[in-house]
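This is what each chain is made of:
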Amino acid sequence: MEFKPYYMPNSESKYLALRKSWAFCAIAIISSCATKPPLETGTFTPSELVELQRLDPTIQLDIRYATPHNFMGRPLYPQARAFLQRPAAEALAQVNADLKPLGYRLLVFDGYRPWRITKMMWDSTPPEKREFVADPRKGSRHNRGCAVDLTLCDLATGREIEMPGTYDEMSPRSYIAYAGGTAAQREARDLLRRLMETHGFTVLPAEWWHYDYKDWKSYPIQNVPFEKL
Ligand SMILES: C[C@@H](N)C(=O)N[C@H](C)C(=O)O
Ligand SMILES: [Zn+2]
């Protein structure tokens, strides 16, 4: 019969207990780093997230992350809503107003994004595609309520205007400098960029649809879920 010791000399059991508690602490520290937004110091402008549809109901929404029709293949938001910090939301409404005489309006895919969603996106994206998602250790400008993913749609029909690539496509066709596609697609992309820049937004070089509002640095990273806004 195999001998199973149930008793250990005192010093050995203490050593094992110590090792266990160190391992436990290490796991706790690692997992808390991984599941919490980065700590930021300094003073920030108080957050005032505004729902885009309330500010300007003529901005069209297609909140892909509230549907399975997104690069993660499953809904990430419980509600199809879009929020931005007030000055960014007001600037966006001006872009929308400028588009109307041209026969277009804005179609918004995403605005404020809770930090944990950025973390989920990063964790699910292969390393070679991570230029298309923000690193949760730094946070996304979406987490600050100062980034918006959007495109143009036809004012009369509501139909999405074709761009050189599709939303969240992880390929060079998403680059703002991509020279392929049709002339009409590039013109639409460049029109969107021109108007967004006029109103204080900057495009992300890797993503024609992603724009940051100029004051993004002054707002804190947030992890508040939509249900609590
Ligand atoms: C995931 C994509 N729509 C996006 O917003 N990417 C930028 C880099 C971000 O995550 O901030
Ligand atoms: Zn974005």
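On a predicted model such as this, the values are computed, not experimentally measured, just so you know.

Draft legend 1. Structural detail: the sheet that holds strand β7 (residues 207-213). Strands sit in the order β2-β4-β5-β7-β6 across an open sheet of five strands; the sheet is mixed. Looking along the sheet, the strands with just one partner apiece sit at the ends: β2 (60-61) and β6 (201-204). Relative to strand β5 (residues 147-154), strand β4 (residues 104-110) is paired through six bridges, and the arrangement is antiparallel. Bridged to Arg-105 within β5 is Cys-153. Packing of helix α3 (residues 86-99) onto the sheet brings it into contact with β4, β5, β6 and β7, and relative to β4 it is tilted by some 145 degrees. Packed onto the sheet, helix α5 (residues 183-198) meets β4, β5, β6 and β7 and runs at close to 130 degrees relative to β5.

Draft legend 2. Main features of the coordination of the zinc ion (ligand 2). On the protein side, the zinc ion (ligand 2) has His-142 (NE2), Asp-149 (OD) and His-210 (ND1) as donor atoms, found 2.0 Å from it. Each of the four donor atoms bound to the zinc ion (ligand 2) contributes to angles spanning 91 to 131 degrees, and the resulting shape is tetrahedral. Mapping the donors of the zinc ion (ligand 2) onto the primary sequence yields the spacing H-x6-D-x60-H. Placement of the pair is Asp-149 in strand β5 and His-210 in strand β7, with a sequence separation of 61 residues.

Draft legend 3. Layout of the side chain of Thr-118. Relative to the elements of secondary structure, Thr-118 occurs in helix α4 (residues 115-124). Looking at Thr-118, the relative accessible area reads 1%, which means it is buried. Beyond its immediate sequence surroundings of up to four residues, Thr-118 is in contact with Arg-113, Ala-134, Pro-136, Ser-140 and Asn-143.

Draft legend 4. A look at the UniProt feature "binding site: Zn(2+)" (unreviewed entry) in the chain. Within this numbering scheme, the UniProt entry marks His-142, Asp-149 and His-210 as carrying the feature "binding site: Zn(2+)" (unreviewed entry). A stretch of 69 residues holds the annotated residues, and the largest C-alpha distance among them is 9.6 Å, short enough that they meet in one place. Following the sequence through the fold, His-142 ends up in the loop between α4 and β5. Relative accessible area serves as the criterion here: at 2%, His-142 is assigned to the buried category. In contact with His-142, not counting residues within four places along its chain, are Asp-110, Gly-111, Tyr-112, Arg-113, Ala-147, Val-148, Asp-149 and His-210. Apart from residues no more than four positions distant in its own chain, Asp-149 is found in contact with Tyr-65, Leu-107, Val-108, Phe-109, Asp-110, Arg-113, His-142, Tyr-167, Trp-209 and His-210. Only 3.3 Å separates the side chain of Asp-149 from the side chain of Arg-113, close enough to count as a polar contact.

Draft legend 5. Broad picture of the pattern of salt bridges. What the rule picks out here adds up to 16 salt bridges. For Arg-144, the salt bridge goes to Glu-40, with nearest N and O atoms at 2.8 Å. Taken together, the residues Arg-144 in the loop between α4 and β5 and Glu-40 in the loop between α1 (10-35) and β1 (49-51) connect sequence positions 104 residues apart. By relative accessible area, Arg-144 is classed as buried at 8%. Given a relative accessible area of 29%, Glu-40 falls into the partly exposed group. The residue Arg-64 makes a salt bridge to Asp-62 at a minimum N-O spacing of 2.9 Å. By relative accessible area, Arg-64 is classed as buried at 10%. Given a relative accessible area of 25%, Asp-62 falls into the partly exposed group.

Each value, and the rule that gives it
- Residues numbered from 1 in each chain as written.
- Chains lettered and ligands numbered in written order.
- Predicted model: local features only at pLDDT ≥ 70, side-chain atom pairs only at ≥ 80, totals over all residues.
- Heavy atoms only, no water.
- Pairing = 2+ DSSP bridges.
- Helix = DSSP H or I, 4+ residues; strand = E, 2+ residues; numbered from the N terminus.
- Contact = heavy atoms within 4.5 Å.
- Axes fitted to C-alpha atoms, helices over the stretch in contact; angles between N-to-C directions.
- Donors = N, O, S within 2.8 Å, 3.2 Å for Na, K, Ca; no water.
- Tetrahedral: all angles 85-135°; square planar, octahedral: opposite > 155°, others 65-115°.
- Buried < 20%, exposed > 50% of the residue type's maximum accessible area, 1.4 Å probe, protein only.
- UniProt positions renumbered as here; feature names shortened; annotations may be inferred.
- Polar contact = N/O pair within 3.5 Å; in protein donor to acceptor, adjacent residues only side chain to side chain.
- Salt bridge = Lys/Arg side-chain N within 4 Å of Asp/Glu carboxyl O.

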